[in-house]
Structure formats: structure tokens, C-alpha cells
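Here are the chains, one letter per residue:
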Amino acid sequence: MTKETMNAIPDIIIAIDGYSATGKSTLAKLIASDFGFTYLDSGAMYRAVTLFAMESGYVKGGEIDAQALRKALETDGLDIRFGAENHTFIGERCIEKEIRSMEVSSYVSPVAALAFVRAFVDEKLHAWGRQGRVVMDGRDIGTAVFPDAQLKLFVTASDQVRAQRRYDELVSKGQPSPMEEVMKNLKERDYIDSHRETNPLRQAKDAFVLDNSDMNLHEELVWVKGLVMGRFQIFESI
Ligand code: DC
């Protein structure tokens, strides 16, 4: 995208929601770099809180000690930030690898279902997203975090495609897991994420649906650019 086209895009928020492993974050990062926007990965925030809970001993034998976690977040907070290459940090410590592990994936949905965890994360997302020129991906961005976002996407893909993508991602990171386990984890997270009480995963009424099962990233980006150009009447070749 040329500098002029980038500058013609208003200071909007692009909200990208959808089920696990639909490639939301890959698409969001690409849009951000193409549009000159900031990318914010809300899932990484929930993963960081989950890692913190696990390392602090608040997750034992599959049970989450919600009271202890709440007290820790309320008294000391948690200094989650994003650094170079969108890597996630707690303070100065890069936790990017740890938060993508299967272990964190297996606890993140129940942790993210806790209302006080959502309030804690939402406050940070609001502060960072407020000024616009942001692409944020997650489960409730277009419905709860930024219901007034100017462009909302809801991304879907078939179960098979999603499981294969997550499997390949884990292999490429040197953390392989059996395919059955990957599929099971995706289905469990989908269920918990869309059935929890506080801000469950839902398609916003005004979201555009993107099924990317048979699309490559370039096709996805062109599709999104078309939407943005059309909406803001930016007439230039894409
Ligand atoms: O996008 P992800 O797979 O990294 O997200 C990890 C988990 O975090 C997901 O299973 C549910 C939770 N999450 C959420 O509840 N709300 C969001 N906006 C983003 C993620």
C-alpha cells in the first residue's frame, strides 16, 4: 500500500474475532503491517495471565484458585506488554514461547472465562486501542471490547483446516503434539469460549464473515483491503 493510501485511511479500529486457530492473528499482523497500524493480540494477554497463574501455583491438579489469582492481580497487577516482533512480555521477560505451549492452551479458556480476568485485560486493551489505527484480534473485540469498531471481521475455517494449521504451527516451533490432542483442545476451547457467561464468543451483527478454509493469506488481505477502500471511498489500485 502506498504512503498516500495509508494516510487516506482514517484512525479506525479493526476488530477481528473468531474461533481458535482460524488464522486471525496471522491476518491481523499482515493487515497491520500493510496499513501501518498497530497490532494487538488480546489472546496473548489471556495467555500471559494463564502462564502467570500456572507459575504462581494458582493452577493445581486442573483446578484454578480464582480467589488467589484475583488477589494477586488486584494487589500487584501484572505488567504485560508487547515488544519487538509483537512478542509478549511480563516485565522484561519474554514469554512468547511459553504462552503458545499446549499446557497454557489447555488452561487459557477457563482462566479467560473469569469475569475479573476479563475486566483486567479489557482495561489494558481499551487504553492501548483508544486512539485508533489498531487491528485487534480475539473473541469479543467487536461485541464487547470495541463494539463501535469501524470494521469488524468474523473469521471461520473448517475444523480440519484449523487443527492442521495449529498442528503445523506447534511442529514449526519445536513443540509437536499429537493431532488428536490438538483437535480436542480446539473443540474444548471453542465450547468454553462460546458458552461462558461474560462476553462469550459471538459474531457481531455488523461483522463481515470471512471463511478462509480455501483462501491463502494474500487473498484474505486483498479481500480486507477491498472492504476498507470501499467503506472509506479510497479510490486507488490495491
Ligand atoms: O487467540 P488465542 O487462541 O491466542 O486465545 C487464547 C484464549 O484466550 C482463547 O481460547 C479464549 C481467550 N480469549 C478470549 O476469551 N477473549 C479474547 N478477546 C481473546 C482470547
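Residues numbered from 1 in each chain as written. Predicted model: local features only at pLDDT ≥ 70, side-chain atom pairs only at ≥ 80, totals over all residues. Heavy atoms only, no water.

S.K.: How would you explain the overall build of the protein chain if you had to name every residue and give the values?
M.R.: Tallying secondary structure elements over the protein chain gives 11 helices and 10 strands in all. By its C-alpha atoms, the protein chain is 55 × 40 × 35 Å across when sized along the principal axes. A buried classification covers 50% of the 238 residues belonging to the protein chain. A sequence separation of at least 24 residues applies to 74% of the contacts in the protein chain between residues at least 6 apart. Split by element, the accessible area of the protein chain, about 11600 Å² in all, is 51% carbon and sulfur. The protein chain carries 29 positive and 36 negative side-chain charges, and their two centres are separated by 2 Å. (Helix = DSSP H or I, 4+ residues; strand = E, 2+ residues; numbered from the N terminus. Buried < 20%, exposed > 50% of the residue type's maximum accessible area, 1.4 Å probe, protein only. Contact = heavy atoms within 4.5 Å. Areas by Shrake-Rupley, 256 points an atom, 1.4 Å probe, with all protein chains shown as cover. Lys, Arg positive; Asp, Glu negative; His and termini not counted. Charge placed at Lys NZ, Arg CZ, Asp CG, Glu CD.)

S.K.: Can you tell me about the site of the ligand, naming the residues and giving the values?
M.R.: Near the ligand you find 15 residues, and of these Arg 47, Arg 118, Asp 140, Asp 193 and Arg 196 are the closest. Taking Asp 193, its side chain carries an N or O atom lying 2.9 Å from an oxygen atom of the ligand. Taking Arg 196, its side chain carries an N or O atom lying 2.7 Å from an oxygen atom of the ligand. Relative to its free-state accessible area of 450 Å², the ligand is covered by the protein chains to the extent of 97%. Structurally, the ligand is housed in the largest pocket. (Near = heavy atom within 4 Å. Polar contact = N/O pair within 3.5 Å; in protein donor to acceptor, adjacent residues only side chain to side chain. 1 Å grid on protein atoms, 1.4 Å probe; cavity = no way out; pocket = protein on both sides within 12 Å on 5 of 7 lines; lining within 4 Å. Sits in = over half its atoms within 2 Å of the grid points.)

S.K.: Before we move on, can you summarise the layout of surface pockets with the specific residues and values?
M.R.: The space that makes up the largest pocket amounts to roughly 900 Å³. Taken together, 45 residues make up the lining of the largest pocket; nearest its centre are Ala 21, Ser 25, Arg 100, Arg 166 and Glu 169. Classifying every residue of the lining of the largest pocket gives 10 nonpolar, 14 polar and 21 charged. Along its surface, the second largest pocket is lined by Met 102, Glu 103, Ser 105, Ser 106, Ser 109, Pro 110, Glu 181, Lys 184, Asn 185, Glu 188, Arg 189 and Ile 192. Taken together, the elements giving at least two residues each to the lining of the second largest pocket come down to α6 (102-112) and α10 (179-195). (Points joined across faces, edges and corners; volume = space filled by probe spheres on them. Nonpolar A, V, L, I, M, F, W, Y, C, P; charged D, E, K, R; others polar.)

S.K.: Tell me about the environment of Ile 14, residues and numbers included.
M.R.: Examined against the element boundaries, Ile 14 turns out to sit in strand β1 (residues 13-18). For Ile 14, a relative accessible area of 0% puts it in the buried group. Between the C-alpha atoms of Ile 14 and Gly 132, which are 118 residues apart in sequence, the distance is 8.6 Å. Those residues in contact with Ile 14 that lie beyond four places of it in its chain are Ile 31, Phe 35, Phe 37, Val 134, Val 135, Met 136 and Leu 151.

S.K.: Mind laying out the nonpolar core, listing which residues take part and the relevant values?
M.R.: Ranked by internal contacts, the top residues of the largest apolar core, which has 39 residues, are Val 49, Leu 69, Leu 73 and Val 117. With 9 residues, the top contributor of residues to this core is helix α3 (residues 42-55). Those residues in contact with Val 117, other than ones at most four positions away along the chain, are Tyr 46, Val 49, Leu 69, Leu 73 and Val 111. If you look at the next biggest cluster of nonpolar residues, it comprises 22 residues, including Phe 37, Val 135, Leu 151 and Val 228. (Core = buried A, V, L, I, M, F, W, Y, C linked by side-chain atoms within 4.5 Å.)

S.K.: Report on the packing of aromatic side chains, specifying residues and quantitative values.
M.R.: One pass over the full model with this rule turns up 4 aromatic pairs. Arranged with centres 6.1 Å apart and planes meeting at 80°, the rings of Tyr 19 and Phe 154 form a pair that is edge-to-face. On the criterion of sequence distance, the pair formed by Tyr 19 in the loop between β1 and α2 (24-35) and Phe 154 in strand β9 (residues 151-156) is long-range, its members being 135 residues apart. Residue classification places Tyr 19 among the partly exposed residues on the basis of a relative accessible area of 31%. Each ring, one from Phe 52 and one from Tyr 58, has its centre 6.2 Å from the other, and the planes form 75°; the classification is edge-to-face. Its relative accessible area of 19% is what places Phe 52 among the buried residues. (Phe/Tyr/Trp six-rings, centres within 6.5 Å; stacked < 30°, edge-to-face > 60°.)

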